[in-house]
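Examining the three-dimensional arrangement
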Amino acid sequence: MDLSLNETQKMLKNTAKDFFTSECPETHVREMETDQEGYNKQLWEKIVNQGWLGVPFPEKYGGFGLSFLEFCILLEEAGRVLLPEPLFEAVLLGGMPIFISGNEKQKEELLPKVISGESIITLAFYEEDDLISPLSVQTKASLNNNVYKLYGTKMFVPNANISDLLLVTARTGKNDKDISLFLIPSSTEGITISPLSTISSDKQFVINLDNVQIPSSNLIGNENNAWETIETIFDMAAIGKSCEMLGAGEKVLEGTVEYAKTRTQFGRPIGTFGEIQRHCSEMATLVEGTRFVIYEAAWKLSNNQNASKEVSMAKSWTSDSHTKVCAIAHQVHGGIGFTKEHWIQLYSRRAKAAEIAYGDANFHRNKLASLLKL
Amino acid sequence: MDLSLNETQKMLKNTAKDFFTSECPETHVREMETDQEGYNKQLWEKIVNQGWLGVPFPEKYGGFGLSFLEFCILLEEAGRVLLPEPLFEAVLLGGMPIFISGNEKQKEELLPKVISGESIITLAFYEEDDLISPLSVQTKASLNNNVYKLYGTKMFVPNANISDLLLVTARTGKNDKDISLFLIPSSTEGITISPLSTISSDKQFVINLDNVQIPSSNLIGNENNAWETIETIFDMAAIGKSCEMLGAGEKVLEGTVEYAKTRTQFGRPIGTFGEIQRHCSEMATLVEGTRFVIYEAAWKLSNNQNASKEVSMAKSWTSDSHTKVCAIAHQVHGGIGFTKEHWIQLYSRRAKAAEIAYGDANFHRNKLASLLKL
Amino acid sequence: MRFAFTKEEDDFRQEVREFLKNELPKNWDGVAGNNLEEGASDNEWEFTLKIRAKLAKKGWLTMAWPKEYGGQNASMIKQVIFAEEMTLARAPGRDGFGIRMLAPTLMIHGTEEQKTNYLPDIAAGKVQWCQGYSEPESGSDLASLQTRAVEDGDDFIINGTKVWTSSAHRADKMFILVRTNPDAPKHRGISFLLIDDMKSNGIQVNPIIDMADRHNFNMVTFDNVRVSKKNLVGELNRGWYVGATLLDFERSGVEYSSRCLSLLEELIEFAKTNKRGGKLISEDSNIKKEITELYTEINVSRGMSYKIADMQSKGEVPNKESSMSKLLGTVLEQKVANLGMKMLGLYGQLGPKSKHNKLQGKIEQEYLSTVSATIAAGTSEIQRGIIATRGLGLPKG
Amino acid sequence: MRFAFTKEEDDFRQEVREFLKNELPKNWDGVAGNNLEEGASDNEWEFTLKIRAKLAKKGWLTMAWPKEYGGQNASMIKQVIFAEEMTLARAPGRDGFGIRMLAPTLMIHGTEEQKTNYLPDIAAGKVQWCQGYSEPESGSDLASLQTRAVEDGDDFIINGTKVWTSSAHRADKMFILVRTNPDAPKHRGISFLLIDDMKSNGIQVNPIIDMADRHNFNMVTFDNVRVSKKNLVGELNRGWYVGATLLDFERSGVEYSSRCLSLLEELIEFAKTNKRGGKLISEDSNIKKEITELYTEINVSRGMSYKIADMQSKGEVPNKESSMSKLLGTVLEQKVANLGMKMLGLYGQLGPKSKHNKLQGKIEQEYLSTVSATIAAGTSEIQRGIIATRGLGLPKG
C-alpha cells in the first residue's frame, strides 16, 4: 500500500500542471466556448509534442509506455484548467478501444497516428436511448461481399467535427450483446454530422449514418464482440472524467478559499464567519475524499484487476460531490459567481456535464447495487 | 382556508398545555420509565376527569363531540412533555376502532367505558412480520357454535399490562384481506402477556393466543371486513404520533435555543457562533415546516376526506425531521446532552421509537410512490 | 382551522385561470423558457407590459392595497391564489418593485404629494420601477453601502455604483438607498430617494449577463445625478428603516413551491411516459425516492407559505417564517432542477436552443438559473441569521 | 502508487486475525454489544486486561514506538491493518490513553526519570491511564480550564473538577491539564501533570451514565490532591503545548470506517436474507439506495484514513486530514445505525436485553451510543473550524 506518486508520476504531474497553467488560461477556455472547432491547433500540437497522447500506450506504437494511471494524472491537471482540447477523448475514446481490441495491424497503423496527432479518432456510441447498455445500440451493420453497410443515428459524439476517423458501435447479430465496433473515416459517403448546443459549451454532435459502406477489414476486434471493450472503455472514461472533476474541484476550492480570505463584509473577511468556514471545510472534505476512491479504481484498472465496484463508487461519489463543491463555491461567492464573466460558472456548467457523463450517480449506484447483489 | 385554531381549539390547547406542564414534569417521565405499570393512576384519573378521552367521540357516548383534529391538538401538548399515560393509545387504538366499526350496541356499551376510564382497551395488530399489511396477520380465528377460537402471536402491543380489553386482528378467511377484529378480555384463558424492553422505555408486549375462545358477539364490525378500519386507524395513529413529535420538537427547539443563549465558551454565548445559529435555524425550520403538513392531514381525516397522500407526506416528513431535530439538539448540547440525566436524551430516544411507529419514512415514501402511480 | 378553499376563493382561482388561458398564447411555457418578468427580448417585454395593464384593470395587481389607495383590501389567501395561478401558468406581468415594495413603503412613509404622484401609475401598471440597493462592496452587508448623495440647494447629487439591479434596463424609475451622512454609524446615515427618470444625465445602465446567458441584472453607475429633495421618502438619514421594514410585505413565498410543484409534476409525467434502457424512468429506485421526498418537501414549503399568508390575513407580522419559506423554497428549486437533470440523462445538457432537447430544454435553464436562488434577495446564510437572531432571539455574533 | 498490500502486510493481517480467532470466545460480538474498551462489568474488564497483556507480549501495542523505547518503528500501514482487524473482530484490549497519547508525549517532553518510570509499564499493558482534560465549563473551549494546581514545597496541590473522563473508574493513573498561573493568558498558564494513584486522598470518581445506559464517562473531583513536582511533564505553564500537540499522533481514524463497514456488511446480509411484507428488505428501493450510498461513503472514509497513514509513514504530519477523517467517519457511524433502524422496522427499538431483538439488539445500542460520535473527542464543529483555519488558512473568527 503506497498512496504517493512515484518520481515519474510526480514529474509528469508537475510538468502538466505548469504547462496547462501557462498554456490554458481562462481566456483560452472562454475563446473555445464559441470557437467553431472548439480547440486550438497550435496548443493541440504542443500537447502532442509533449507526447501525452502516448502516455498509456506501449513504446512500440510510439507511446510513453506508462499506464492508464499516469494518464489519469494528466487528466486531473487538464481538469484543473478546464482544458478544451480533446486530450481525454483522443486517448480514451480514440486510441484506447483500438489498443484494447484492435488486431496488431490496426494497432501498428492507427496508434502512432493517434499519438502523433496525425489522426483524431472519436467514439460514436450513444443513441437515442442514452443508457449505457448494449440494448441502446440500434444502429445496424450488415455484411455483404466483405462490405459492411451501416444505418442509424449516433448521439452525443464528442469532437466529431475535428475527427477524421470515427469508431462506431453497431448491432451485428440477434443477441442482446451482438455489438461490433467499426472504424469509419468521417468523410465516408452517407455520414452527416450536426452539432448540439450544450450546457458546457463543448463540442458534441449527432451523426446520421445512412447506407455507410466500409470494408470488413475496418472491423475492430471480432464481430459481435465489442461490448466488453465498450464496458472497459466506459469504466476508464468514468474514471478519467472523475479525475478531471477532481482537478477542477481542487481549483474551485483554492479559488473559493482565496475569495473568502479577501472579500470583506461587516468589516471583516467573510472567511471568518462560521457559515463560510463550514462551507469551505465541507468543500475541502469532499475534494479530499475524492482522490483516494478515484485513484484506487484507476490503479486497479491499470493493473487489470476487477474494478467494477471501485469505478461505480468513484463515479457516483465524484458526480455528487463535485457538483456539490461547485454549488457551495457559488454560495460563498454570492452574486458575483453567477455572472457570465466570473470564472466559477465555467466550472459549475462543466460540473453538470461531467456529472452525467459516462453514467451519472444513479446509474452507478444501480450498478453497485447489483454488484452487491442487492 | 384558515390555519388558525378556533376559540374552542385554542382553549383546549391552552388548558392542555398548562395541565401537562404542571402534572407531567420530567421527574414523572423518568419515574414511569422504570415503573412496572408505566403510568400513574392518579394522573390518569385527572386526565379522564378532564374528559379528554372523549374529545373525538359524540356526546351521546359521553364524549366531547369534537373531532380527531381536536384530539391531535391534545396529542401535540402531550408530546411536548412526553406524557407516559396512554392517552394516545386508549383513544386511537382502543376507542376509535370501536367507534368506526362497532355496531351501535358495542359503541353504547364500550365507548362510555373508554371515555370514563373504566376500561382501557388496546390494539393487538402487529405480528412477527411487522409490516403494516393484511398479509402480516397470521393469527387465525375460526368460528364454531358461535364461538371463535384464536391462535397466534401478537407483537408490539402497547400497554397490554394495564388493558382489560384487547382488540385483536385475526385472519378469518382465505383472501388476503379477510381480516376480522375481535374484542377479547385480557383475562381470557389462553392469553399470555410478556413485556418487551424498548428504546423509549415505554410498555409494549408480546401476546400469545393459544386456543382463546370468545363468543361471536365479540366480533367488531363484519367478519373479514376489518382491514379498512385498520387502515384508517393506522392513518390516524400515524398523524397522532406525528403530532406528538411536533410537540416534542417544539420543546426540544425551545430548550436548545435556551441552552445556546446561556452556555458560554470562548468567552461568549455559544448562540453567537455561526455554526450554532445555523443549527438552531435549521431546527426551527424543520419544526415549523412540520405543523402544516400534519394538520392538513388531520383536518382531512376529521372531515372524512381522502388523506392518504397527506398522511404519508406528514409521517415521512415528521419521522425524518424530528429525528434530525433531536440530532441537531444533541450537537448543540455537546457532551452533557448524551448523559442519562439530561432531558434531551429522553426526547431523542422517544424520537426514534416515534420515527418507526405506524410506518417509518420509507414505508410512507413507498406508499406515496404508489399513490403517485410511480 | 380549515384546510379547504371557500367557494369564493375557488371561484376567484377559476377566474384567474380562465383569464390566463385566454390571454396567454397556446402552449405558453413561460417567457423564453425562463422566469424573467422582463423577458429576454423587446417583444417579450412588450407582452409583459400588455398583460400587466390587463391585470391592473382587473384590479388584481393591487388587490392587497387598502381601499383608500384604490385597493380591495383582499385577503392574503386570495393573493396567494393569484400568485399560485400566475406561477403555475408561468405568466409574466406582476410587478415586484412598484406594487409590492415601493407602494407599501410610500403608503407609510411617503408625503401626500408622493402618494398622489406615484401610487396611481404603479396601480395602473404604467411604470416599471427598479431597486437600487446592493453595491459591489455591499452585498450581504447592505448597510455598508457607499453610494453618496450630497445636498445641493433643493437637490441631492448622487455618485456611486449599484449592482444586481434587476430590470434596470427596462425600468423608468428607481428607488435607491444612498449615504447622506458618512460620519454617522452605518445604519444611521442612509436615506431613501426616488429617481424619476432612469434616462437622467449621469445614469449609466450596464448589463450583467448571468451564467444562463440571460440579461436580468445590471450595474448602474451614478455620475453627479441630480434628484430633487421632494423625492426624499421619510426622514433624512433614516432611510435604512424606511427601506428595510417592508421587504417582506405581501410576500408569502408561495411562488417557490408553485414553481417547484408545476415542474415536478411535469417531471413525474415525463418519468412515467419515458423509458431508459427499456424501463420507465419512474421505475428507477433512486428517482422514485427523490420524487417522493421532493413532493413532500414541496408540500411542506407550500404549507409554510400558506401559514405566512394566514398570519398576514390576521394582521400578524411574519419574520422568521418568511426567511424559512425562502430558505426551503429556494433549495427546492435547485433540487427539482437537479432531479430533472438526473431524469433526462445526457439530454439534460441540452438547452432550449438544441433541437434534440427534452422538455424544451428547460431543465438546463432551470439548473443554470436556480444557482442564484439561494443567493439573490438575501443569501441562505443571511436568512438563517435572521431566523436565529430575529426569530429565535439568539444574540448577534 | 500501489493500492494493494504487500505479502508481508497480508501475512501480518492473517497473523492478527488468527490470534484474535484463538483468543476471543466463539461468536464473540464485542464487549456487551458495545464498543467500550473497559467493558460493562468487572469480568469484561478483566478479559480486556488479559487480552491487552497478550497483545503487549506480541509487541503489537507498541509497534509504532521507536526502537529505543522497545518499539518496532512499524509502518503506519501495519498499524492500520492492526487497527482494522481489531475493530472488525470487535476485540477489546487496545489502550488509547497510555500508548497512543501519553507515551509519545513522554518520549518528547518527559525527563529520563519519567520515561524510565512510566514507559515500560505502559508497554507491558500493565497500567490503565486516563485523561484529565475537559471540565464542566470547558468543553470545546478546553484552554479555559480552571482546575487549579498550587505549588506547595515539592508538591502541587490540585483542586477542581474534570468531566467526560473515560475509564477513570478503571484507571490506575491520570495525566491532567491544570492551571498553574491564573493571571497569564489562558493558553500560557496551564501545566501537564501525572497523577500516580487514582486512589489518592481527595480524588473522587463519580460515574456518568450515558443515554445507552453505559458507564464509560466519569466526573472526577480533586480536593487538595497532592502531586509531586517530579510529575510535571515539560515546563511549568507550558502544558497546553505539551498536551495538545500529540492528540492526533498515531491515529489514522480507520476505526470509524472499519466499524461502519463491518456493521454495514452485517446489515446487507440481513437485508438479503430477511423479508418484510413478503419482500426481501434489500428490494426496498429506499434501502437499496442508502446501502449503495453508505457503502461508497465508507470507502471514501477508509481511503482518507489510509492516506493519513501513508502520510505518517512518510513523516508528514496530517492536520486537516485527521479532522476530515473524524468528521466523515463519525457521521457515517450515525448513518449506519440509522440505516439499521430502517431495516429492522419495529424490531429496531429492541435492545440487547430483549429476547425478541434482531442482530442481538446491537442496532438500538449503536443508535444510542453513536449520538456522542460527532461530539466526543472534538465536536464536528470544532473539526470544521480546524479544517477551515489550520487546514485552509482562513482567518480565525
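Residues numbered from 1 in each chain as written. Chains lettered and ligands numbered in written order. Predicted model: local features only at pLDDT ≥ 70, side-chain atom pairs only at ≥ 80, totals over all residues. Heavy atoms only, no water.

Moving on: the overall build of chain C. On a plain count of helices and strands, chain C comes out with 11 helices and 10 strands. Relative to a compact globule of 397 residues, whose C-alpha radius of gyration would be 21 Å, chain C shows 22 Å and is just as compact. With respect to the three principal axes, the spread of C-alpha positions in chain C is 75 × 50 × 45 Å. By residue count, 61% of the 397 residues in chain C fall in the buried class. For chain C, restricting intrachain contacts to residue pairs at least 6 apart in sequence, the fraction spanning at least 24 positions comes to 71%. Carbon and sulfur atoms make up 48% of the accessible area of chain C, which totals about 15500 Å². Charged side chains in chain C number 53 positive and 53 negative. The centres of these two groups are separated by 4 Å. (Helix = DSSP H or I, 4+ residues; strand = E, 2+ residues; numbered from the N terminus. Rg over C-alpha atoms; globule rule 2.2 N^0.38 Å. Buried < 20%, exposed > 50% of the residue type's maximum accessible area, 1.4 Å probe, protein only. Contact = heavy atoms within 4.5 Å. Areas by Shrake-Rupley, 256 points an atom, 1.4 Å probe, with all protein chains shown as cover. Lys, Arg positive; Asp, Glu negative; His and termini not counted. Charge placed at Lys NZ, Arg CZ, Asp CG, Glu CD.)

Right, let's talk about the overall build of chain A for a bit. The number of helices and strands found in chain A is 11 helices and 10 strands. With the C-alpha coordinates of chain A rotated into their principal frame, the extents come out at 80 × 50 × 40 Å. Every one of the 374 residues in chain A was classed for burial, and the buried ones make up 66%. Across chain A, the fraction of contacts at a sequence separation of at least 24, relative to all contacts at a separation of at least 6, is 73%. Split by element, the accessible area of chain A, about 13100 Å² in all, is 47% carbon and sulfur.

Residue and element names in this part refer to chain C. As far as domains go, chain C holds domain 1 (7-94), domain 2 (130-240) and domain 3 (252-391). The straight-line distance from the C-alpha centre of domain 2 to that of domain 3 is 32 Å. If you look at the interface, domain 2 gives 4 residues, while domain 3 gives 6 residues. Per-residue buried area on domain 2 facing domain 3 is highest for Ser-140, Met-211 and Ala-212; these three make up 68% of the total on that side. For the pair domain 2 and domain 3, the interface holds 0 residue pairs in polar contact (both at pLDDT 80 or more). For the side of domain 2 that touches domain 3, the per-class residue count stands at 2 nonpolar, 1 polar and 1 charged. (Domains from an automatic or database assignment. Buried area = accessible area lost by both parts, 1.4 Å probe. Polar contact = N/O pair within 3.5 Å; in protein donor to acceptor, adjacent residues only side chain to side chain. Nonpolar A, V, L, I, M, F, W, Y, C, P; charged D, E, K, R; others polar.)

Contacts between chain D and chain A engage 43 residues on the former and 38 residues on the latter. For the pairing of chain D and chain A, the buried interface totals around 3900 Å² over both sides, and the portion due to carbon and sulfur atoms is 70%. Our enumeration of links across chain D and chain A arrives at 3 salt bridges. Linking A:Glu288 and D:Lys307 is a salt bridge whose minimum nitrogen-to-oxygen distance equals 2.8 Å. For the pair chain D and chain A, the number of links is 14 residue pairs in polar contact (both at pLDDT 80 or more). No other element matches helix H8 (residues 285-313) of chain D, which puts 16 residues into the side of chain D that touches chain A. Among the residues forming the side of chain D that touches chain A, the class breakdown is 19 nonpolar, 10 polar and 14 charged. (Salt bridge = Lys/Arg side-chain N within 4 Å of Asp/Glu carboxyl O.)

Listed by partner, the interface residues are 40 residues for chain B and 47 residues for chain D. In this structure, the connection of chain B to chain D is made through 4 salt bridges. A salt bridge links B:Arg263 to D:Glu137; its shortest N-O distance comes to 3.7 Å. Put simply, chain B and chain D have 23 residue pairs in polar contact (both at pLDDT 80 or more) between them. Residues of the side of chain B that touches chain D, tallied by class, amount to 13 nonpolar, 16 polar and 11 charged.

This part is about the domain arrangement of chain A. Residues and elements named next belong to chain A. Taken as a whole, chain A is organised into domain 1 (7-120), domain 2 (122-224) and domain 3 (228-371). Put simply, the middle of domain 1 and the middle of domain 2, counted by C-alpha atoms, are 23 Å apart. Across the contact, 20 residues belong to domain 1 and 20 residues belong to domain 2. Viewed at the interface, domain 2 and domain 1 are joined by 0 salt bridges. For the pair domain 1 and domain 2, the number of links is 9 residue pairs in polar contact (both at pLDDT 80 or more). Examining the composition of the side of domain 1 that touches domain 2, we find that 6 residues originate from one element, helix H5 (residues 87-101), more than from any other. Among the residues forming the side of domain 1 that touches domain 2, the class breakdown is 8 nonpolar, 7 polar and 5 charged.

This brings us to helix H9 (residues 308-333) of chain B. Relative to the 38 Å expected for 26 residues at 1.5 Å per residue, H9(B) spans 37 Å between its end C-alpha atoms, a close match to the ideal helical length. Of the residues flanking the end of H9(B), it is B:Gly334, one or two places downstream, whose phi is positive at about 65°. (Expected span 1.5 Å × (residues − 1).)

Within this structure, the stated rule accounts for 64 aromatic pairs over all chains. Here the aromatic rings of A:Phe125 and A:Tyr126 are separated by 5.5 Å at their centres, their planes lie at 70°, and the arrangement is edge-to-face. The exposure class assigned to A:Phe125 is buried, which follows from its relative accessible area of 3%. Among the residues examined, A:Tyr126 registers a relative accessible area of 8% and is labelled buried. A connected cluster of aromatic rings, assembled from ring pairs, spans A:Phe88, A:Phe125, A:Tyr126, A:Phe156, A:Trp227, A:Phe234, A:Tyr358 and C:Tyr347. Lying across the ring of B:Phe88, B:Lys241 places its NZ or CZ 4.6 Å from the centre. Against the face of D:Phe12 rests D:Lys78, its NZ or CZ located 5.0 Å from the ring centre. (Phe/Tyr/Trp six-rings, centres within 6.5 Å; stacked < 30°, edge-to-face > 60°. Lys NZ or Arg CZ within 6 Å of the ring centre and 35° of its normal.)

Residue and element names in this part refer to chain B. Pairing analysis gives 5 bridges linking strand E2 (residues 140-144) to strand E3 (residues 147-158), with the strands arranged antiparallel. When the bridges of E3 are listed, Ser-142 appears paired with Lys-149. Counting the residues between successive antiparallel strands, the hairpin from E2 to E3 contains 2 residues, one of them, Asn-145, with a positive phi of roughly 50°. Relative to strand E7 (residues 204-215), E3 runs antiparallel, the two being bridged by 10 bridges. (Pairing = 2+ DSSP bridges.)

Positionally, D:Arg276 belongs in strand E9 (residues 275-276). Residue classification places D:Arg276 among the buried positions, given a relative accessible area of 19%. In this structure, D:Arg276 is in contact with B:Asp129, B:Asp130, B:Leu131, D:Ile281, D:Lys342, D:Met343 and D:Gly345, ignoring residues within four places of it in sequence.

What follows concerns the pattern of salt bridges. Under the criterion given, the structure shown has 119 salt bridges over all chains. The residue A:Lys324 makes a salt bridge to A:Glu282 at a minimum N-O spacing of 4.0 Å. Linking A:Lys324 in helix H9 (residues 308-333) with A:Glu282 in helix H8 (residues 274-302), this pair joins segments that are 42 residues apart in sequence. Taking the shortest distance from any N to any O, the salt bridge between D:Arg94 and D:Glu255 comes out at 2.9 Å. With D:Arg94 in the loop between helix H3 (76-88) and helix H4 (96-109) and D:Glu255 in helix H7 (residues 254-273), this pair connects stretches of sequence that are 161 residues apart. In this pair, the class of D:Arg94 matches that of D:Glu255, namely buried. Among the charged side chains, a salt-bridge network with shared partners connects A:Lys13, A:Glu76, A:Glu77, A:Arg80, A:Glu250, A:Glu254 and A:Arg291.

Turning next to H8(A). Between the first and last C-alpha of H8(A) there are 42 Å, a value that for 29 residues agrees with the 42 Å anticipated at 1.5 Å per step. Most of H8(A) is tucked away: 26 of the 29 residues are buried.

Residues and elements named next belong to chain B. With respect to the helices and strands, the residue Thr-256 is situated in helix H7 (residues 227-262). Within the local environment of Thr-256, its side chain forms a polar contact with the backbone oxygen of Val-252, the two atoms lying 2.6 Å apart. Look past the residues within four positions of Thr-256 in its chain and what remains in contact with it is Met-283, Ala-329, Val-332, His-333, Trp-343 and Ile-344.

Residues and elements named next belong to chain D. The geometry of H3 relative to H7 is characterised by a closest axis approach of 9 Å and an angle of 35° between their N-to-C directions. Seen along the crossing, H3 lies across H7 with a hand that is right-handed. Together, Val-80, Ala-83, Glu-84, Thr-87 and Leu-88 of H3 and Val-254, Glu-255, Ser-258, Arg-259 and Ser-262 of H7 make up the contact between the two elements. (Axes fitted to C-alpha atoms, helices over the stretch in contact; angles between N-to-C directions. Left-handed = near helix turned anticlockwise from the far one by under 90°.)

Glancing now at the packing of helix H4 (residues 68-80) of chain B against H7(B). Residues and elements named next belong to chain B. Interhelical geometry of H4 versus H7 gives an angle of 40° and a closest axis separation of 7 Å. For the element pair H4 / H7, the angle class is oblique. Handedness of the crossing formed by H4 with H7: right-handed. Packed against H4, whose contacting residues are Phe-68, Cys-72, Leu-75, Glu-76, Gly-79 and Arg-80, the element H7 presents Met-236, Ile-239, Gly-240, Cys-243, Glu-244, Leu-246, Gly-247, Ala-248, Glu-250, Lys-251 and Glu-254 at the interface. Grouping the amino acids of the contact of H4 with H7 by side-chain chemistry returns 8 nonpolar, 3 polar and 6 charged. (Parallel < 35°, antiparallel > 145°, perpendicular 65-115°, else oblique.)

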